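Remarks on the overall topology
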Amino acid sequence: LKLAAVALAVMATVVACVGDLSLLKRGWGWGSPLASMDRISEHATAEVAVSPPGISASPSTSSLPPASPLPSPSPPSPSLSPSQSPSSAPPLAQSATMAPPPTAPPAKGTTARPKQKKARSRGAEADPPSKYQPASEEAIKQEIAERSKLHAGLYRDKAAHPEFSNVILVTAANLAYFPFYRNWACQADSFGLDFVVIANDDESYHQLEADRVLPVLGHRVTEMVGWGNVKLDYVGLNKMTTVLQILTLTGLDVVFSDCDNMFLRDPFAPGVSLGDLIRS
């Protein structure tokens, strides 16, 4: 039995060698890892097939060339789950242990402050008056008399027009009428005229030149009002009352012009009806 088993093992070895030669003819080299695996597998199969139970047969492998070592498998690369993107993949251990770079403290005096909304300004309308008209009647009359005498003469050049030394030019305005007043004053300045302004409210009293503005004795009206409004009656009453105060307190003659009028030419020049009427 032993001799029969050995004979079978030798025959199996010969058959395996013949198979290796056929693989070599088909392009498989002895050094190919797949050919080596095939040979090892076939030898093991033949050995198991012919070895009876309890008897181990070791076939001779001296005629086989040494098999080349198999390449060592490379470590598997970490794979991402479908729900993970490259940006959401867990960081490497090396980067996980790195501390964040320190942030420099803010420079002294450069602490950020929250932005505050700047109050919206509408020029003179947004500025509260820093001074108010006098409260007492005596103080109001005193200012009217002093400032009227200061600007009497119709012209800035008093010596050039002595015939008008006892005449004063008067207009009136409140804050709502300031665009009209500025237009009126621009024309008056272009002709070299001198004048005073009746302030119908505290805002205009604050905005106008201190030595040119006249306070009022009656009700003060800030807004622009139309016909039929009782406040318009207050405005007209302030004009007439102030003109009356100038006449009685100073003895000056008064030329009154609303600020929504416009001087196209010098109204007091020689040859102009108003100027010639005053001279006569």
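So, here is what we can say about the structure in this document.

Definitions and cut-offs
- Residues numbered from 1 in each chain as written.
- Predicted model: local features only at pLDDT ≥ 70, side-chain atom pairs only at ≥ 80, totals over all residues.
- Heavy atoms only, no water.
- Core = buried A, V, L, I, M, F, W, Y, C linked by side-chain atoms within 4.5 Å.
- Buried < 20%, exposed > 50% of the residue type's maximum accessible area, 1.4 Å probe, protein only.
- Helix = DSSP H or I, 4+ residues; strand = E, 2+ residues; numbered from the N terminus.
- Contact = heavy atoms within 4.5 Å.
- Axes fitted to C-alpha atoms, helices over the stretch in contact; angles between N-to-C directions.
- Parallel < 35°, antiparallel > 145°, perpendicular 65-115°, else oblique.
- Nonpolar A, V, L, I, M, F, W, Y, C, P; charged D, E, K, R; others polar.
- Phe/Tyr/Trp six-rings, centres within 6.5 Å; stacked < 30°, edge-to-face > 60°.
- Pairing = 2+ DSSP bridges.
- 1 Å grid on protein atoms, 1.4 Å probe; cavity = no way out; pocket = protein on both sides within 12 Å on 5 of 7 lines; lining within 4 Å.
- Points joined across faces, edges and corners; volume = space filled by probe spheres on them.
- Polar contact = N/O pair within 3.5 Å; in protein donor to acceptor, adjacent residues only side chain to side chain.
- Right-handed = clockwise from strand over helix to strand, strands pointing away.
- Expected span 1.5 Å × (residues − 1).

1. Quick look at the nonpolar core
One broad rule of soluble globular proteins: the nonpolar side chains tend to lie buried together. By size, the foremost hydrophobic cluster in this structure holds 23 residues, and its most contacted members are L169, Y181, W184, F195 and F268. For this core, the elements supplying multiple residues, two or more each, are β1 (167–173), α5 (178–190) and β2 (196–199). For this core, the element with the most residues is α5, which contributes five residues. Among all residues touching F268, those that are not within four sequence positions of it are L154, Y155, F164, L169, L193, V255, L274, G275, I278 and R279. Residues I140, V170, V216 and I246 belong to the second largest nonpolar core, which totals twelve residues.

2. Quick word on the packing of helix α4 (residues 137–150) against helix α7 (residues 230–250)
Following both chains from N to C, one finds α4 and α7 inclined at 75 degrees, their axes separated by 9 Å at the closest point. Relative to α7, α4 is oriented roughly perpendicular. Counting all contacts with α4, which are made through K141, I144, A145, S148 and K149, the residues of α7 involved are T242, Q245, I246, L249 and T250. Taken together, the residues of the contact of α4 with α7 break down into four nonpolar, four polar and two charged.

3. Focus on the packing of aromatic side chains
What the rule picks out here adds up to six aromatic pairs. Pairing Y155 with F164 gives two aromatic rings, centres 6.1 Å apart and planes at 35 degrees, and the pair type is tilted. When sorted by exposure, Y155 lands in the same class as F164, which is buried.

4. Some details on the sheet that holds β1
The sheet built from four strands is open, its strands ordered β3-β2-β1-β4 with parallel pairing. Among the strands making up the open sheet, the edge pair consists of β3 (213–214) and β4 (253–256). In this sheet, β2 lies alongside β1 in parallel orientation, the contact comprising four bridges. When the bridges of β2 are listed, A172 appears paired with I198. This element, α7, spans β1, β2, β3 and β4 of the sheet and lies at about 155 degrees to β4.

5. Details of the layout of surface pockets
Its boundaries defined by the atoms lining it, the largest pocket holds a volume of some 310 Å³. Around the largest pocket, the lining is made up of 16 residues, and of these Y177, L232, V235, K239 and D258 lie nearest the centre. Elements represented by at least two residues in the lining of the largest pocket include exactly β1 and α7. The element contributing the most residues to the lining of the largest pocket is α7, with four residues. Residue composition of the lining of the largest pocket, grouped by class: eight nonpolar, four polar and four charged.

6. Brief notes about the side chain of S257
Checked against the element boundaries, S257 lands in the loop between β4 and α8 (273–279). S257 sits in the buried class, given a relative accessible area of 7%. In terms of polar contacts, S257 uses its side chain to reach the side chain of W184, at 3.1 Å. In this structure, S257 is in contact with V170, T171, A172, W184 and F263, ignoring residues within four places of it in sequence.

7. With respect to the pairing of β1
Taken across its seven residues, β1 has seven buried, putting it largely inside the fold. Because side chains alternate across β1, one face comprises the buried residues V167, L169, T171 and A173, and the other comprises I168, V170 and A172, equally buried. Where β1 meets β4, four bridges bridge the pair, whose relative direction is parallel. Bridge pairing in β4 places V167 opposite D253. The β-α-β motif built from β1, the intervening α5 and the parallel element β2 has right-handed crossover chirality.

8. Structural notes on the environment of Y234
Looking at the element boundaries, Y234 is found in helix α7. When the C-alpha atoms of Y234 and G218 are compared, they prove to be 7.1 Å apart, with 16 residues separating the residues in sequence. For Y234, the contacting residues outside a window of four places in its chain are H219 and V221.

9. Structural notes on α4
The end-to-end C-alpha distance of α4 is 20 Å, a good match for the 20 Å that 14 residues give at a rise of 1.5 Å each. Along α4, the positions that sit buried rather than exposed are I140, E143, I144, A145, R147 and S148. Where α4 is buried, its residues contact β1, β2, α6 (202–207), β3 and α7.

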